[in-house]
Amino acid sequence: IGMHENGIIFNNNPALWKEIRPFFTKALSGPGLVRMIAICVDSTREHLDRLEEETTELGYINALNLMRCIMLDTSNRLFLGIPLDENAIVLKIQNYFDAWQALLLKPDIFFKISWLYRKYEKSVKDLKEAIEVLIEQKRQKLSTVEKLEEHMDFASQLIFAQSRGELTGENVNQCVLEMLIAAPDTLSVTLFFMLAL
């Protein structure tokens, strides 16, 4: 359903992995890592300033969802830099991980239940399509900026690698998808349980 050998997480192709890995390494080390702290702090402050928007009528806040939004915003600022609807993308990410979990844990008979399979296939497709739209917006943005060096982030590097013929469009889409989904799934859950403890 589109999760096979397209990026890092689902990749069982060592040759492709060696081509893609340097983009992740560069994005997750050096200056990017230093910037991450300030961006995470700014995002947290901004989300806490808008906390009343996330509060229910009974005065409750979905803390896990709040953490996911903060992590998605931080990842977006670092690696893509395109305005997005956080809640909509977070929901698509959750559906994607539901599909991932189901496909990894269910026996093969699961794939013969067509309506269940189609449900998870749709979840994967929905997130991929949303990411494709965001990447296209990034391409448009890159084609109109005056100072390109100010916009050279993870997604930009991948887009230019594709234009040089080093990566396919599917590689670019999957890598950006994986970079945006990683933190909302891992860091947000970790922070949630830290708060709970």
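Residues numbered from 1 in each chain as written. Predicted model: local features only at pLDDT ≥ 70, side-chain atom pairs only at ≥ 80, totals over all residues. Heavy atoms only, no water.

Visitor: Even after reading the chapter, I still don't get the pattern of salt bridges, so can you show me in this structure?
Guide: Side-chain pairs of opposite charge can arise where the charged atoms are in close proximity. Following the criterion strictly, the structure yields 9 salt bridges and no others. Between D153 and K138 there is a salt bridge; the shortest N-O distance is 2.7 Å. Here K138 lies in helix 6 (residues 114–144) and D153 lies in the loop between helix 6 and helix 7 (154–163), a separation of 15 residues in the sequence. The buried category is assigned to K138, whose relative accessible area is 2%. Among the charged side chains, a salt-bridge network with shared partners connects E46, D73 and R77. (Salt bridge = Lys/Arg side-chain N within 4 Å of Asp/Glu carboxyl O. Helix = DSSP H or I, 4+ residues; strand = E, 2+ residues; numbered from the N terminus. Buried < 20%, exposed > 50% of the residue type's maximum accessible area, 1.4 Å probe, protein only.)

Visitor: Whenever I open this one, the nonpolar core confuses me. Can you help?
Guide: Taken as a class, soluble globular proteins show a tendency for nonpolar side chains to be buried jointly. Ranked by size, the top nonpolar core spans 41 residues in total, and within it I131, F154, L158 and V176 carry the most contacts. Counting residues per element, the ones that place at least two in this core are helix 1 (14–27), helix 4 (63–79), helix 5 (86–105), helix 6, helix 7 and helix 8 (169–196). The leading source of residues in this core is helix 6, at 9 residues. Beyond its immediate sequence surroundings of up to four residues, I131 is in contact with N173, V176, L177 and L180. By size, the runner-up hydrophobic cluster in this structure holds 5 residues, among which are L66, M67, M71 and A183. (Core = buried A, V, L, I, M, F, W, Y, C linked by side-chain atoms within 4.5 Å. Contact = heavy atoms within 4.5 Å.)

Visitor: I would appreciate a short explanation of the UniProt feature "coiled-coil region" (unreviewed entry) in the protein chain in the present structure.
Guide: Look at the UniProt record and you will see "coiled-coil region" (unreviewed entry) annotated at residues 117–151. Between the end C-alpha atoms of residues 117–151 there is a gap of 39 Å, over a span that is 80% helix and 0% strand. (UniProt positions renumbered as here; feature names shortened; annotations may be inferred.)

Visitor: What is the right way to read the environment of G30 from this model?
Guide: Following the sequence through the fold, G30 ends up in the loop between helix 1 and helix 2 (31–49). For G30, a relative accessible area of 42% translates into the label partly exposed. Sequence separation of G30 and A161 is 131 residues, and the distance between their C-alpha atoms is 20 Å.

Visitor: Whenever I open this one, helix 1 confuses me. Can you help?
Guide: Every α-helical turn comprises 3.6 residues, leaving residues that sit three or four positions apart pointing alike. Taking 1.5 Å of rise per residue, the 14 residues of helix 1 would be expected to cover 20 Å, and the 20 Å separating its terminal C-alpha atoms lies within 8% of that figure. The sharpest bend along helix 1 comes to roughly 35°, located at I20, with the proline P22 sitting one to four residues further on. (Expected span 1.5 Å × (residues − 1). Bend = angle between axes of the 7 residues up to and from the residue.)

Visitor: Looking at this model, I keep getting lost on the side chain of T74. Mind explaining?
Guide: Structurally, the position occupied by T74 is in helix 4. Residues within four places of T74 in sequence aside, it is in contact with I39, C40 and S43.

Visitor: I keep staring at the packing of helix 7 against helix 8 and nothing clicks. Help me out?
Guide: In helix packing, the relevant descriptors are the interaxial angle and the interaxial distance, both defined with respect to the helix axes. The N-to-C vectors of helix 7 and helix 8 enclose an angle of 170°; their axes lie 9 Å apart at closest approach. Between helix 7 and helix 8, the angle is such that the two are roughly antiparallel. Seen from helix 7, the contacting residues are F154, A155, L158, I159 and Q162; seen from helix 8, they are G169, V172, C175, V176 and M179. Taken together, the residues of the contact of helix 7 with helix 8 break down into 8 nonpolar, 2 polar and no charged. (Axes fitted to C-alpha atoms, helices over the stretch in contact; angles between N-to-C directions. Parallel < 35°, antiparallel > 145°, perpendicular 65-115°, else oblique. Nonpolar A, V, L, I, M, F, W, Y, C, P; charged D, E, K, R; others polar.)

Visitor: Got a minute to help me understand the environment of I61 in this structure?
Guide: As for its position among the elements, I61 is in the loop between helix 3 (51–54) and helix 4. Spatially, the C-alpha atoms of I61 and L51 are 8.2 Å apart, while their sequence positions differ by 10 residues. Those residues in contact with I61 that sit more than four places away from it in its chain are L51, E54, T55 and L66.

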